[in-house]
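# Architecture and fold: a report
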Amino acid sequence: MSLRKYLVGGNWKSNGSMAFAKSFTNDVLNKLAFDPKNVDVVVSPTNLHLPAVQANIGNNVNIATQNISLTGPGAFTGEVSACMAQDAGIRYTLTGHSERRSLFGESDADVATKTKNGLMFDMTVLLCIGEQLAEREGGVTNDVNARQLAAVREQVDDWSNIVIAYEPVWAIGTGKVATPEVAQETHAAIREWLAANVSKEAADGTRILYGGSVSDANAAELITQPDIDGFLVGGASLKPAFHQIVAACNEHKA
Ligand code: PEP
């Protein structure tokens, strides 16, 4: 079992409504059964729904933005900067989600700058990395992850507030979850990369989450792997099944 505190993140993506934000917070998030000494729980609604969650949450659940600006405040229409998120009391952000990379053209360097910006404003950054199906089939998964991590390493020395979310793109929203063995092997390679390129402390201390079709049916088995420190959950984070995923992590750690 991992010695690190687990983290379970819920990424709502571009889903939800004001009514859903309030009812899901009251009916599911506020009833999650976990000990915050074992597990950090972080939910990431859209920026519009975030205040409704924030206002209703009462169960040691943290809030994250799904994205932050490449820039500081100023004439950047449509962007929300890390300093604004900090000012609004938000202590976590995602960066580098594969949808940001593939649909919105974020480069490895953009993701690295966004990660640096979040860290600069005292946020814990859930840095998402992962390979496409063709890259997995071509045997270059570890190279792709190393390239995405190296871009961040160029801009960030202190990794103590980075959580890595390994999310194979072929597993996101597809129902094709990585096997525990495949996820473990890749997480171990990420940890080796951290040891070689950041520090032994970073390798030992950085939480590496698995993301990609995590559900109440597979979470309990995945979390038994020694290098899996929790999950980043998309679809199932909008459903009552999120309760079972958090509970599986809490029970395994307890
Ligand atoms: C995600 O979007 O980060 C994700 C892992 O999605 P899903 O759980 O739906 O595969």
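Residues numbered from 1 in each chain as written. Predicted model: local features only at pLDDT ≥ 70, side-chain atom pairs only at ≥ 80, totals over all residues. Heavy atoms only, no water.

This next bit is on helix α5 (residues 108-120). Here α5 spans 18 Å end to end across 13 residues, near enough to the 18 Å set by a 1.5 Å rise per residue. For α5, the full list of buried residues reads D108, V111, A112, K114, T115, N117, G118 and L119. Against α3 (82-87), β4 (92-95), α4 (98-103), β5 (124-129), α7 (141-155) and β6 (162-166) lie the buried residues of α5. Phi turns positive one or two residues past the end of α5, at D122, with a value near 60°. (Helix = DSSP H or I, 4+ residues; strand = E, 2+ residues; numbered from the N terminus. Expected span 1.5 Å × (residues − 1). Buried < 20%, exposed > 50% of the residue type's maximum accessible area, 1.4 Å probe, protein only. Contact = heavy atoms within 4.5 Å.)

It is worth spelling out the sheet that holds strand β8 (residues 230-233) at this point. Spatial strand order, β1-β2-β3-β4-β5-β6-β7-β8: 8 strands in a closed barrel with parallel pairing. Within the sheet, the average angular offset between the axes of one strand and its neighbour, ignoring direction, is 25°. One ladder, built from 4 bridges, connects β4 with β5; its direction is parallel. Residue T93 lies in a different strand from β5, and its bridge partner there is V125. Across the sheet, α5 touches β4, β5 and β6, and the angle it forms with β5 is around 165°. Packing of helix α11 (residues 241-253) onto the sheet brings it into contact with β1 (6-11), β2 (39-44) and β8, and relative to β1 it is tilted by some 170°. (Pairing = 2+ DSSP bridges. Axes fitted to C-alpha atoms, helices over the stretch in contact; angles between N-to-C directions.)

Another aspect to go through is the site of the ligand. Looking at the ligand, there are 14 residues lining it, with K13, E167, G173, S213 and G234 nearest. A distance of 2.9 Å separates an oxygen atom of the ligand from a polar atom in the side chain of H97. The backbone of G173 places a nitrogen or oxygen atom 2.6 Å from an oxygen atom of the ligand. Taken together, the residues that form the shell around the ligand break down as 4 nonpolar, 8 polar and 2 charged. (Near = heavy atom within 4 Å. Polar contact = N/O pair within 3.5 Å; in protein donor to acceptor, adjacent residues only side chain to side chain. Nonpolar A, V, L, I, M, F, W, Y, C, P; charged D, E, K, R; others polar.)

A general feature of soluble globular proteins is that nonpolar side chains tend to end up buried together. Within the largest apolar cluster, 62 residues are counted, with the highest numbers of intra-cluster contacts made by W159, Y210 and F231. Tallying contributions element by element places α11 first for this core, with 5 residues. Sequence-distant contacts of W159, that is, excluding residues within four places in its chain, are made with L127, L149, V152, R153, I164, W193, L194, V198 and T206. Listed in part, the 11 residues of the second largest apolar core include V42, Y92, L126 and A165. (Core = buried A, V, L, I, M, F, W, Y, C linked by side-chain atoms within 4.5 Å.)

This paragraph deals with the environment of V156. Counting through the fold element by element, V156 comes out in the loop between α7 and β6. Classification of V156 as buried rests on a relative accessible area of 5%. Here the alpha-carbon distance between V156 and A112, two residues 44 residues apart in the chain, equals 7.9 Å. Beyond its immediate stretch of four places on either side in the chain, V156 contacts K116, L119 and I162.

Our focus in this paragraph is the side chain of D40. Topologically, D40 is positioned in strand β2. For D40, a relative accessible area of 12% translates into the label buried. Within the structure, D40 has its side chain in polar contact with the side chain of K5 (distance 2.9 Å). Setting aside residues no more than four positions away along its own chain, D40 makes contact with K5, Y6, L7, V8, Y92 and R207.

The interhelical angle for the contact between α7 and helix α8 (residues 180-197), taken along N-to-C directions, is 40°, at an axis separation of 10 Å. In terms of orientation, α7 lies oblique with respect to α8. In this structure, α7 meets α8 at a crossing whose hand is right-handed. Only T186, A189, I190, W193 and N197 of α8 make contact with α7, whose side of the interface consists of T141, N142, N145, A146, L149, A150 and R153. (Parallel < 35°, antiparallel > 145°, perpendicular 65-115°, else oblique. Left-handed = near helix turned anticlockwise from the far one by under 90°.)

What follows is about the layout of surface pockets. Over the atoms rolls a probe the size of a water molecule, and its path tells where empty space is left. Space inside the largest pocket adds up to approximately 410 Å³. Along the walls of the largest pocket sit 19 residues, with K13, Q66, N67, R100 and F104 positioned nearest its centre. Looking at the lining of the largest pocket element by element, the count peaks at 3 residues for α4. Classifying every residue of the lining of the largest pocket gives 6 nonpolar, 9 polar and 4 charged. (1 Å grid on protein atoms, 1.4 Å probe; cavity = no way out; pocket = protein on both sides within 12 Å on 5 of 7 lines; lining within 4 Å. Points joined across faces, edges and corners; volume = space filled by probe spheres on them.)

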